[in-house]
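# Close look at the chain arrangement
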Amino acid sequence: MGLLDILLGRTKPVTPDLDRLFALPSAAVTLQAATGFTPTGHGAVCFATVEGAAFEQTHREVQALLDADADRTGPPVELRRDAYGYSWLVSRRTPDQLPQLVNDLHAVNSSLESNGFGPQLLCSLAGFADDTGRRLALVYLYKRGTYYPFSPLPGAAERRDSALELQVRAALTDDLRIEPDLSRWFPVWGAPGL
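Values in this document were obtained by computation on a predicted structure and should not be read as measured data. (Residues numbered from 1 in each chain as written. Predicted model: local features only at pLDDT ≥ 70, side-chain atom pairs only at ≥ 80, totals over all residues. Heavy atoms only, no water.)

The next point concerns the nonpolar core. If you look at the biggest cluster of nonpolar residues, it comprises 52 residues, and the most contacted ones within it are L31, W88, F128, L138, V139, L172 and V188. Excluding residues within four positions of it along the chain, V139 makes contact with C123, S124, L125, T146, Y147, Y148, F150 and V188. (Core = buried A, V, L, I, M, F, W, Y, C linked by side-chain atoms within 4.5 Å. Buried < 20%, exposed > 50% of the residue type's maximum accessible area, 1.4 Å probe, protein only. Contact = heavy atoms within 4.5 Å.)

Take a look at the structure:
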């Protein structure tokens, strides 16, 4: 980075560190103790939709790799598109299998990145819920290398529980690298895996 970049306020993009995903299981313990939220066993990787044979081949390889896991119960890994045109590779595990879910998310991100689709990766999320039915996602921003909480309020309107999100941020500051810029806490309305 040069002097001109500093003067114009440009910064180097953060290099994605997928190993930060492995901090989720220990953060889940802190989250449960502080707020009562426990893992749902659902998670997903979001990426910009890509067309072409190379991407289809990579998708099939990733899906076959994850579906071959003998410990997997329930539905296989699935590819879904949301109302905004983004693609999600969704993995479902039992709630007590958060480390295996994190392995799934890491494998998807790593495979897409190593096959040249890193620029299309947007985020990964792991779902949590409490006894009252409130939902929460811990969202990992691929291009920023940071996490943020997202909690949609129940009902048809797209509203979020900002107070809960700030409470979760305070609880997990020592466990996860939390995104400091609140304007980057993008809502992931209707995200599969949440």
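Having put the structure on the table, let's press on.
As a further point, take the packing of aromatic side chains. Taken as a whole and assessed by the stated rule, the structure comprises three aromatic pairs. Seen in terms of ring centroids, Y148 and W185 are 6.1 Å apart; in terms of plane orientation they differ by 20°. Their pairing is stacked. Here Y148, found in strand β6 (residues 146-150), pairs with W185, found in the segment after α5 (162-172); they are 37 residues apart in sequence, far enough to count as distant. Take Y148 and W185: they sit in the same class, and that class is buried. (Phe/Tyr/Trp six-rings, centres within 6.5 Å; stacked < 30°, edge-to-face > 60°. Helix = DSSP H or I, 4+ residues; strand = E, 2+ residues; numbered from the N terminus.)

Here the largest pocket defines a volume of roughly 370 Å³. In terms of lining residues, the largest pocket is bounded by 18 residues, among which Y86, L122, C123, F186 and V188 are the most central. Ranked by the residues each element gives to the lining of the largest pocket, the list is headed by strand β4 (residues 121-129), at three residues. A per-class count over the lining of the largest pocket returns 14 nonpolar, no polar and four charged. (1 Å grid on protein atoms, 1.4 Å probe; cavity = no way out; pocket = protein on both sides within 12 Å on 5 of 7 lines; lining within 4 Å. Points joined across faces, edges and corners; volume = space filled by probe spheres on them. Nonpolar A, V, L, I, M, F, W, Y, C, P; charged D, E, K, R; others polar.)

Below, the discussion takes up the environment of Y147. Following the sequence through the fold, Y147 ends up in strand β6. Once the C-alpha coordinates of Y147 and L24 are considered, the two residues, 123 residues apart in sequence, prove to be 9.9 Å apart.

This part takes up the side chain of S124. With respect to the helices, strands and loops of the structure, S124 is situated in strand β4. Among the polar contacts made by the side chain of S124, one reaches the side chain of N109 at a distance of 2.8 Å. With sequence-adjacent residues up to four places away left out, S124 is seen in contact with L21, A44, V45, N109, L138, V139 and Y140. (Polar contact = N/O pair within 3.5 Å; in protein donor to acceptor, adjacent residues only side chain to side chain.)

Next up on the list: the side chain of D130. Among the secondary structure elements, D130 is positioned in the loop between β4 and β5 (135-141). What makes D130 buried here is its relative accessible area of 13%. Engagement of the side chain of D130 in a polar contact is seen with the side chain of T132, the distance being 2.8 Å. If we skip the residues at most four places from it in the chain, D130 touches G36 and F37.

This next bit is on the packing of helix α2 (residues 24-35) against α5. Axis separation between α2 and α5 bottoms out at 9 Å; the angle between their running directions is 125°. Looking at the two axes, α2 sits oblique to α5. Crossing hand, α2 versus α5: right-handed. Side by side, α2 and α5 meet where A27, T30, L31, A34 and T35 of the first sit next to Q167, V168, A171 and L172 of the second. By residue class, the composition of the contact of α2 with α5 is six nonpolar, three polar and no charged. (Axes fitted to C-alpha atoms, helices over the stretch in contact; angles between N-to-C directions. Parallel < 35°, antiparallel > 145°, perpendicular 65-115°, else oblique. Left-handed = near helix turned anticlockwise from the far one by under 90°.)

Right, let's talk about the pairing of strand β2 (residues 78-81) for a bit. In summary, the side chains of a regular strand alternate between the two faces of the sheet. With four bridges joining them, β2 and strand β3 (residues 86-92) adopt antiparallel strand pairing. Of the residues in β3, the one forming a bridge with L79 is L89. (Pairing = 2+ DSSP bridges.)

The subject of this paragraph is the pairing of strand β1 (residues 38-48). With seven bridges joining them, β1 and β4 adopt antiparallel strand pairing. Each residue of the ladder has a partner; that of C46, found in β4, is C123. Alignment of β1 against β3, held across seven bridges, turns out to be antiparallel. Its bridge partner being in β3, F47 is matched across the sheet by S87.

The next thing to look at is helix α4 (residues 98-117). Buried within α4 we find L98, L101, V102, D104, L105, H106, A107, V108, N109, S111, L112 and F117. Contacts from the buried residues of α4 go to α2, β1, α3 (53-67), β3 and β4.

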